[in-house]
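Chain by chain, the residues run as shown.
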Amino acid sequence: MNAPAVASAPGKLLLAGEYAVLEPGRPAVVMAVDRYVTVTAGPPEHAEVELVTDLLDHPVGLRRGPHGLAVCDERDAGHLAGALVHLAAVVDTVDRLCTESGRGRVPVRLTVCSDLHQHGVKVGLGSSGAVTVAAVRALGDYLGIPLSGEERFRLGMLAGVTVDAGPSGADLAAATWRSLVLYRSPDRDALLGRLRAHGVLETLNAPWPGLSVRILPVPAGVSVHPGWTGRAASTGARIGRLRRTGWRGGDDHRRFLLDSERITTQMAEAVRRDEAPALLAAVRDARLLLGELDRRTGLGISTPLLTALCRTAREAGGEAKPSGAGGGDCGIALLPAGVSVEGLHRRWTEAGIVPLALRPCAPHGSPQIPSDVPYTPAPRTIR
């Protein structure tokens, strides 16, 4: 019997690049934060595959079939498209990797504990990406499959695109490298097509044009402070709505991508140089760009509470913006050295915004950092 394996992965905050990073090769700056999802892989108690999460009040048993995983109890069917969708996708993707490599699949129980919720409500810290990254690592370690950091990222991305090819994977990158990163996304639709045509192992080893991850230093001249609106928002729903608008592919879309590239690149450079005024200016420009996108598309990115979060942060001496898809969840404020954090938090509390005690994630045990050269490993067989 294999020894149980435990892995954790952090949540994230997007500092710039929202919506633009959905396009292959477009950048975002994303920060891993010190709240975590922990996944334990071990032997099951009753079913061939068992999934346990603190979002459900009972374990869900699954059986492996010719078309993937199926619930043992039909009353649990809805959970495979809900609370367990990303966890089940990881198991199914790793199962396929094992089959293609001539390796037997073993019974397993995955148990998830998450700090990325507030009173049972997600706060927009990338819980789906964190649970995916932690599950890939725990399951790989439990099965004795040696995986590099980039291979874990890629397996997580392949699991993710089987659920929804829309999200960029920025949360996966932050969770894998546990750092502040400048991230450019691969073409997920192309990955999904290749996965369906050629399988997991071939797609894992293939070049992924557009993908780039660069680790950035955490700036010392400013501090990052997230605030929660108390309302959960669906990133996938807004991505889907954006894809259906006439805005996408038009002149306004192209200008948005160019403006986002400029702002995100300026932010990354300001971070590298630890230039607080330039970094605050980039946050301001990113907020204004999201506001313009909202006005042109009607996505509902801005809400009264997110507007209040940004206004009060500026009044306190900093800059702020929504973090992620908007419509709720979190915003972030950056304060230069010497500005009172207590003053900001007091203003937020008075406005009905919950300050979150988060810090940049310390990159403990980070996997090897990839270069910007397309990843082309030698073809391998998992043994």
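Here's a quick rundown of the structure. Computed from a prediction, not measured in an experiment: that's the story for all the values here.

1. As for the pattern of salt bridges
Right, on to step 1. A complete count under the given rule lists 25 salt bridges for this structure.
Right, on to step 2. A salt bridge links Glu 261 to Arg 184; its shortest N-O distance comes to 2.9 Å. Placement of the pair is Glu 261 in helix H8 (residues 251-273) and Arg 184 in strand S9 (residues 180-184), with a sequence separation of 77 residues.
Right, on to step 3. Notably, a salt bridge pairs Asp 189 with Arg 243, separated by 3.8 Å at the nearest N-O pair. Of this pair, Asp 189 sits in helix H5 (residues 188-198) while Arg 243 sits in helix H7 (residues 235-243), and the two are 54 residues apart along the sequence.
Right, on to step 4. Classification of Asp 189 as partly exposed rests on a relative accessible area of 43%.
Right, on to step 5. Here Arg 243 falls in the partly exposed class, since its relative accessible area comes to 36%.
Right, on to step 6. A network of salt bridges, in which partner residues are shared, links Asp 252, Arg 255, Glu 292, Arg 295 and Arg 296.

2. As for unusual backbone geometry
Right, on to step 1. Of note, Tyr 19 is a non-glycine position whose phi angle comes to about 70 degrees, a positive value.
Right, on to step 2. Counting through the fold element by element, Tyr 19 comes out in the loop between strand S1 (5-16) and strand S2 (27-42).
Right, on to step 3. Accessibility expressed as a relative area gives 7% for Tyr 19, which makes it buried.
Right, on to step 4. One non-glycine residue, Asp 274, lies in positive phi territory at about 55 degrees.
Right, on to step 5. By the secondary structure assignment, Asp 274 is in the loop between H8 and helix H9 (276-297).
Right, on to step 6. Its relative accessible area of 33% is what places Asp 274 among the partly exposed residues.

3. Concerning the packing of helix H10 (residues 304-315) against helix H11 (residues 341-350)
Right, on to step 1. Where H10 contacts H11, the axes come no closer than 9 Å and their chain directions differ by 150 degrees. Accordingly, the angle class assigned to the pair H10 and H11 is roughly antiparallel. Crossing of H10 over H11 shows right-handed handedness. In contact with Leu 309, Thr 312, Ala 313 and Glu 315 of H10, H11 contributes Leu 344, Arg 347 and Trp 348.

4. Topic: the environment of Val 224
Right, on to step 1. By secondary structure assignment, the location of Val 224 is in strand S11 (residues 222-228).
Right, on to step 2. On the basis of relative accessible area, Val 224 is assigned to the buried category, the value being 13%.
Right, on to step 3. Measuring from C-alpha to C-alpha, the distance between Val 224 and Arg 238 comes to 25 Å, with 14 residues separating the pair along the chain.

5. Some words on the nonpolar core
Taken as a class, soluble globular proteins show a tendency for nonpolar side chains to be buried jointly.
Right, on to step 1. If you look at the biggest cluster of nonpolar residues, it comprises 112 residues, and the most contacted ones within it are Tyr 19, Val 39, Leu 51, Phe 153, Tyr 183 and Met 267.
Right, on to step 2. Here this core takes 10 residues from helix H2 (residues 127-143), the largest share from any one element.
Right, on to step 3. Ala 308, Leu 309, Cys 310 and Leu 335 belong to the second-largest nonpolar core, a separate cluster that totals 11 residues.

6. Looking at the pairing of strand S13 (residues 330-336)
The side chains of a regular strand alternate, residue by residue, between the two faces of the sheet.
Right, on to step 1. Counting buried residues in S13 gives seven out of seven residues, a clear majority hidden from the surface.
Right, on to step 2. Alternating residues of S13 divide into Cys 330, Ile 332, Leu 334 and Pro 336 and Gly 331, Ala 333 and Leu 335, and every residue in both groups is buried.
Right, on to step 3. Alignment of S11 against S13, held across seven bridges, turns out to be antiparallel. Residue pairing for S13: Val 222 is matched across the bridge by Pro 336.
Right, on to step 4. Relative to S13, strand S12 (residues 319-322) runs antiparallel, the two sharing four bridges. Across the sheet, the residue bridging to Ala 320 is Ala 333, located in S13.

7. Concerning the packing of aromatic side chains
Right, on to step 1. Applying the stated rule across the entire model yields three aromatic pairs.
Right, on to step 2. Where Phe 153 meets Trp 177, the ring centres are 5.4 Å apart and the plane angle is 45 degrees; that geometry is what we call tilted. Here Trp 177 lies in helix H4 (residues 170-177) and Phe 153 lies in helix H3 (residues 149-163), a separation of 24 residues in the sequence. Each of the two residues, Phe 153 as well as Trp 177, counts as buried.
Right, on to step 3. Relative to Tyr 183, the ring of Phe 153 lies with its centre 6.2 Å away and its plane at 70 degrees, an arrangement referred to as edge-to-face. Placement of Phe 153 in helix H3 and of Tyr 183 in strand S9 is noted, with a sequence separation of 30 residues between them. As far as burial versus exposure is concerned, Phe 153 and Tyr 183 are alike and both buried.
Right, on to step 4. Here the aromatic cluster, defined as three or more aromatic residues joined through ring pairs, consists of Phe 153, Trp 177 and Tyr 183.
Right, on to step 5. Across from the ring centre of Trp 208, 4.2 Å away, lies the NZ or CZ of Arg 154, which sits over that ring.

Criteria and thresholds
- Residues numbered from 1 in each chain as written.
- Predicted model: local features only at pLDDT ≥ 70, side-chain atom pairs only at ≥ 80, totals over all residues.
- Heavy atoms only, no water.
- Salt bridge = Lys/Arg side-chain N within 4 Å of Asp/Glu carboxyl O.
- Helix = DSSP H or I, 4+ residues; strand = E, 2+ residues; numbered from the N terminus.
- Buried < 20%, exposed > 50% of the residue type's maximum accessible area, 1.4 Å probe, protein only.
- Axes fitted to C-alpha atoms, helices over the stretch in contact; angles between N-to-C directions.
- Parallel < 35°, antiparallel > 145°, perpendicular 65-115°, else oblique.
- Left-handed = near helix turned anticlockwise from the far one by under 90°.
- Contact = heavy atoms within 4.5 Å.
- Core = buried A, V, L, I, M, F, W, Y, C linked by side-chain atoms within 4.5 Å.
- Pairing = 2+ DSSP bridges.
- Phe/Tyr/Trp six-rings, centres within 6.5 Å; stacked < 30°, edge-to-face > 60°.
- Lys NZ or Arg CZ within 6 Å of the ring centre and 35° of its normal.

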